[in-house]
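Residue strings, one per chain:
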Amino acid sequence: MTDARFHPAAGEFDLAAIAASAGAELVSGDPSRRLRGVAPLNTADGGELAFAEGRRNLEALRATAAGAVVVAADQVAEVPEGVAVLRARSPQLAFARAAALFHPPQAPRPGIHPTAVIGEGCRIGEGCEIGPYAVIGRDVTLGARCILGPHVTVGDGCVFGDDCHLQAHASVAFCLAGNEVVLHPGARVGNEGFGFVPDEQGRFVTVPQLGRVILEDRVQVGANSCVDRGAAGDTVLGAGTRLDNLVMLGHNVRTGRGCIVVAQAGISGSTVLGDYVTVAAQAGLTGHLRIGTKARIGAQSGVMNDVPAGTDVLGSPSQPVRDAMRGYATLRKLAARKDVTDRTG
Amino acid sequence: MTDARFHPAAGEFDLAAIAASAGAELVSGDPSRRLRGVAPLNTADGGELAFAEGRRNLEALRATAAGAVVVAADQVAEVPEGVAVLRARSPQLAFARAAALFHPPQAPRPGIHPTAVIGEGCRIGEGCEIGPYAVIGRDVTLGARCILGPHVTVGDGCVFGDDCHLQAHASVAFCLAGNEVVLHPGARVGNEGFGFVPDEQGRFVTVPQLGRVILEDRVQVGANSCVDRGAAGDTVLGAGTRLDNLVMLGHNVRTGRGCIVVAQAGISGSTVLGDYVTVAAQAGLTGHLRIGTKARIGAQSGVMNDVPAGTDVLGSPSQPVRDAMRGYATLRKLAARKDVTDRTG
Amino acid sequence: MTDARFHPAAGEFDLAAIAASAGAELVSGDPSRRLRGVAPLNTADGGELAFAEGRRNLEALRATAAGAVVVAADQVAEVPEGVAVLRARSPQLAFARAAALFHPPQAPRPGIHPTAVIGEGCRIGEGCEIGPYAVIGRDVTLGARCILGPHVTVGDGCVFGDDCHLQAHASVAFCLAGNEVVLHPGARVGNEGFGFVPDEQGRFVTVPQLGRVILEDRVQVGANSCVDRGAAGDTVLGAGTRLDNLVMLGHNVRTGRGCIVVAQAGISGSTVLGDYVTVAAQAGLTGHLRIGTKARIGAQSGVMNDVPAGTDVLGSPSQPVRDAMRGYATLRKLAARKDVTDRTG
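Residues numbered from 1 in each chain as written. Chains lettered and ligands numbered in written order. Predicted model: local features only at pLDDT ≥ 70, side-chain atom pairs only at ≥ 80, totals over all residues. Heavy atoms only, no water.

All names here are of chain A. Its 16 residues place the ends of helix H4 (residues 321–336) 23 Å apart at the C-alpha level, agreeing with the 22 Å of an ideal helix rising 1.5 Å per residue. Ala324, Gly327, Thr330, Leu331, Leu334 and Ala335 are the residues of H4 that are buried. Down the axis of H4, the smallest arc covering the buried residues is 125°, so these residues share one side. Across H4 from its buried face, at more than 90 degrees, point the exposed residues Arg322 and Ala336. (Helix = DSSP H or I, 4+ residues; strand = E, 2+ residues; numbered from the N terminus. Expected span 1.5 Å × (residues − 1). Buried < 20%, exposed > 50% of the residue type's maximum accessible area, 1.4 Å probe, protein only. Arc of directions from axis to C-beta.)

What follows is the structure, encoded as structure tokens:
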């Protein structure tokens, strides 16, 4: 399935190496048997590794023609004869790691393209790749092995750690970033926040936005997403937080570690998320809220109040999921009742 | 009305040529009479063509000072004396075609700007225009007469057919595209999908996204819209599908022919649309759904279940339109009833 | 708090100068006392100016260690001893002006970067700064002191007034703009509207989009926001109107003076907003509506009907705020009533 024009494999690897990379145990199959890639269960051939997890793919597992599969302990017995078996607690995690053995993240091709414009006082780490038409301001620091794609712009004074990847057309300013930070294409980081006051004639006067954006280690900002800098103080994305595409984060938003914000969701200014909060697609949070650790905000929710830790909310305005669901069901029932709809019709 | 600085006409054309282009029949007026452009009914002068369709513009039609109008058969009698009449089954279609006679789509000015960076092994078709600061990777194929605007980036191995138009700042990677494909400014195609798994410590491990994006003939991707590539296998936009601006399509979404996705709508991973599906503005579809042919998803709908062919749905969570409407009406009535609101107040 | 790497102060200023800039009255404190910047109440030190407004920050005001504070008349007595007091009708406005004294908007560094591509017939005003890799078409006019950031593209024939700021990666075409217009990073202005008609075979035929975008004085378009040009006639943003990030405006939308459109909101084609209309985040307006002066559209609202002047609406579909709130409350009560939910369960 994998198109080698776009995703050439790093090589062939034997099952012993694959198991080691995957953090899985090879429970059946010849450790020296070599595979050339990964594929889904239903399309993998004898040279490819697949994985199964849960009941959903059980039929596909029983019918697979893969060379090897990663499964959890309770599905080892379901694997067809002749297919090598790797056992892992999280088959998807093991598969992701094995896939990265065949298809490692893009490595930098060290060098600075002659068209890149680099300001005075910059410190570019060892092994960085700076693409064509990148524009880097003054006094910018890049750690080792960073990749800046074509047309990336980095404002004066920004600092990035090691192994960061700023993809094509990303722009960033007023930002301090850790290691392994990824900005996807067209991401806009460090923009001026939406802060202004009407004057005596009703004209808007901009409130100078004097803060920064802090991106901790392993933060990812999706394609065409926007993260405004703090108005005073910082906008902060905690370690490992991932924003999907077209997400909006206002000034002085703070997320904890490992938060997930799915596509087209938005968080207004000064709202603070605990660790491991999930904000599903197209949800919106107003400003100055506190969202507790491991809370989950459902898709398209409109959140106007604090959410306690560990709570799932849904709806616009949002409620605890159970209440929102009961509300939907109640309205459906009432709408179907003649006595309710007729009496005041 | 039309500002010739921005939209110069290709020339003057006589009514015979206009009727031929429009696919309309000239039912009154001198075929050799020349017009110089198009305009709305209420602003067109004697040198311009306008159109009317349906009842909405009937007064404007009766009062128009246009040189000629396109109307359907049932409105021919409404055209003021002295105004030439073209008759067409779909006046708007005929008008669009006539307008394109005066204002054809931008033609390529063949040539490669000296600042364009083009990788090894590329095949650039005849008559292509490659704009300033375009960056094209290795082994890219462009068909004939493609236009790449300024700052467009095309990743290694991409293939585009004939007459494609990649507008300013568009970026594309991991993509195979047909003929007449249009990427509007800032469109992001082929991004890494939002796929990752927590490891033993809760850190997110990226699942390598090993698929592609297939854009069939005449697909258009709107300004700043995002189309992620497949995780395994392809994200596919069927022939003629048009995405408006700021639309989000997740990995492995597939649309049929002629689908319409309006601004700020989003479709999550692996959802499949049949032919001629319409997704209105700001609607959201969760992943792994099947939306049947000619289904229509209303604006701001939240779709969490499959939608049968030919069905219109609305609301979040979405219901068949009639049910959603009844629900809204029911709630409005109940909220107005003292006995309901007081009894448990 | 303020990081001088990113936000160096223009200098130190004495309280007399600060009061003059702020439009505030110095009611206590030595006019010659010099401050070096601004900060929030709770972090400001003796060299910094802070402000308080309303009850929310009263405790912080009473405890502040700032060198001076701006307050309204009724809070002068709350300022701790030793802290200089500036009195203003709108403390936030006065603070914004004082902050701009220390941190004025970026001034142009006059000059055209050697990599900028500028078409024939352009008129570039005095004192403009044109950044690296900017691409300006033919016959473009820029007023005095405009700043074009890196990678900005300006289409043929565009006109901008004085003191405009087109930030990194913004693209604009078919546009006439006044003075002090700001396009934030990645803003897309003048895109082709989403207009097409199915032909006899169901293929979409583009309706040529022959209008322009008019940006009146002081308009701001947020990061990655999209403003399509008119289909015929113009898309118009009235003086002082501000769009936040990821906003979508369809063809022929018109806003009055001083409108505010918050992040991820969208307005469909031909809808007209009066003066000082606010559209909150993620709201959506269908096309061809009239929204009256000073109407306010709540977050995530879905507006399908005209809204009278001065009216606040909320919900999807939207209602007057009071009705929407009553509806939410009614549904919550009904969902909690056993007799309603059981009877038809």
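After that view, the rundown keeps rolling.
This part covers the interface of chain B and chain A. Each partner contributes residues to the interface: chain B has 71 residues there, and chain A has 58 residues. Contact with chain A buries surface across chain B, with Phe194(B), Phe204(B) and Leu210(B) losing the most and accounting together for 15% of the total. The tally of links from chain B across to chain A stands at two salt bridges. Where Arg97(A) meets Glu200(B), a salt bridge forms, and the shortest distance between an N and an O atom there is 3.1 Å. At the surface where chain B touches chain A, the tally comes to 22 residue pairs in polar contact (both at pLDDT 80 or more). Those elements that place two or more of their residues in the side of chain B that touches chain A are strand S19 (175–177), strand S21 (188–191), strand S22 (196–198), strand S23 (204–206), strand S26 (226–228) and helix H4 (321–336) of chain B. Looking at side-chain class alone, the side of chain B that touches chain A contains 30 nonpolar, 28 polar and 13 charged residues. (Contact = heavy atoms within 4.5 Å. Buried area = accessible area lost by both parts, 1.4 Å probe. Salt bridge = Lys/Arg side-chain N within 4 Å of Asp/Glu carboxyl O. Polar contact = N/O pair within 3.5 Å; in protein donor to acceptor, adjacent residues only side chain to side chain. Nonpolar A, V, L, I, M, F, W, Y, C, P; charged D, E, K, R; others polar.)

On to the relation of the copies chain B and chain A, then. The two copies are related by a screw operation: chain B maps onto chain A through 120° of rotation and 0.0 Å of translation along the axis, at an RMSD of 0.0 Å. Taken together, the rotation and translation relating the two chain copies correspond to the operation of a three-fold axis. Of the C-alpha atoms belonging to chain B, the one lying closest to the rotation axis is found on Asn224(B), 3.9 Å away. Of the interface residues in chain B, just 17% have counterparts in chain A that sit at the interface too, so the contact is made through distinct surfaces. (Least-squares fit on C-alpha atoms with pLDDT ≥ 70 in both.)

All names here are of chain B. With respect to topology, five strands assemble into an open sheet ordered S2-S7-S6-S5-S4, the strand pairing being mixed. Among the strands making up the open sheet, the edge pair consists of strand S2 (25–28) and strand S4 (37–38). The pairing of S4 with strand S5 (residues 48–51) spans two bridges and is parallel. Bridge assignment links Val38 to a residue of S5, and that residue is Leu49. Set on the sheet, helix H3 (residues 91–102) makes contact with S4, S5 and strand S6 (68–71); between it and S5 the angle comes to about 155°. (Pairing = 2+ DSSP bridges. Axes fitted to C-alpha atoms, helices over the stretch in contact; angles between N-to-C directions.)

A word on the UniProt feature "active site" (unreviewed entry) in chain A. Residues and elements named next belong to chain A. When the UniProt feature table is mapped onto this chain numbering, "active site" (unreviewed entry) sits at His251. By the element assignment, His251 lies in the loop between strand S29 (248–249) and strand S30 (260–261). Under the relative-accessibility criterion, His251 is labelled buried at 18%. Excluding residues within four positions of it along the chain, His251 makes contact with Gly193, Phe194, Gly195, Gln209, Asp228, Arg229, Gly230, Ala231, Thr235, Gly269 and Ser270. At 2.7 Å, the side chain of His251 and the side chain of Gln209 are in polar contact. (UniProt positions renumbered as here; feature names shortened; annotations may be inferred.)

Next up on the list: the interface of chain A and chain C. Counting residues at the interface gives 71 residues for chain A and 58 residues for chain C. Carbon and sulfur atoms make up 62% of the surface buried where chain A meets chain C, a total of about 4,800 Å² over both sides. The largest contributions to the chain A side of the interface with chain C come from Phe194(A), Phe204(A) and Leu210(A), which together make up 15% of the buried area. Note that Asp3(C) is salt-bridged to Arg212(A), the shortest N-O span being 2.8 Å. The tally of links from chain A across to chain C stands at 22 residue pairs in polar contact (both at pLDDT 80 or more). Elements with a minimum of two residues in the side of chain A that touches chain C: strand S19 (175–177), strand S21 (188–191), strand S22 (196–198), strand S23 (204–206), strand S26 (226–228) and H4 of chain A. Considering every element that reaches the side of chain A that touches chain C, the biggest residue donor is H4(A), with six residues. Residues that form the side of chain A that touches chain C fall into these classes: 30 nonpolar, 28 polar and 13 charged.

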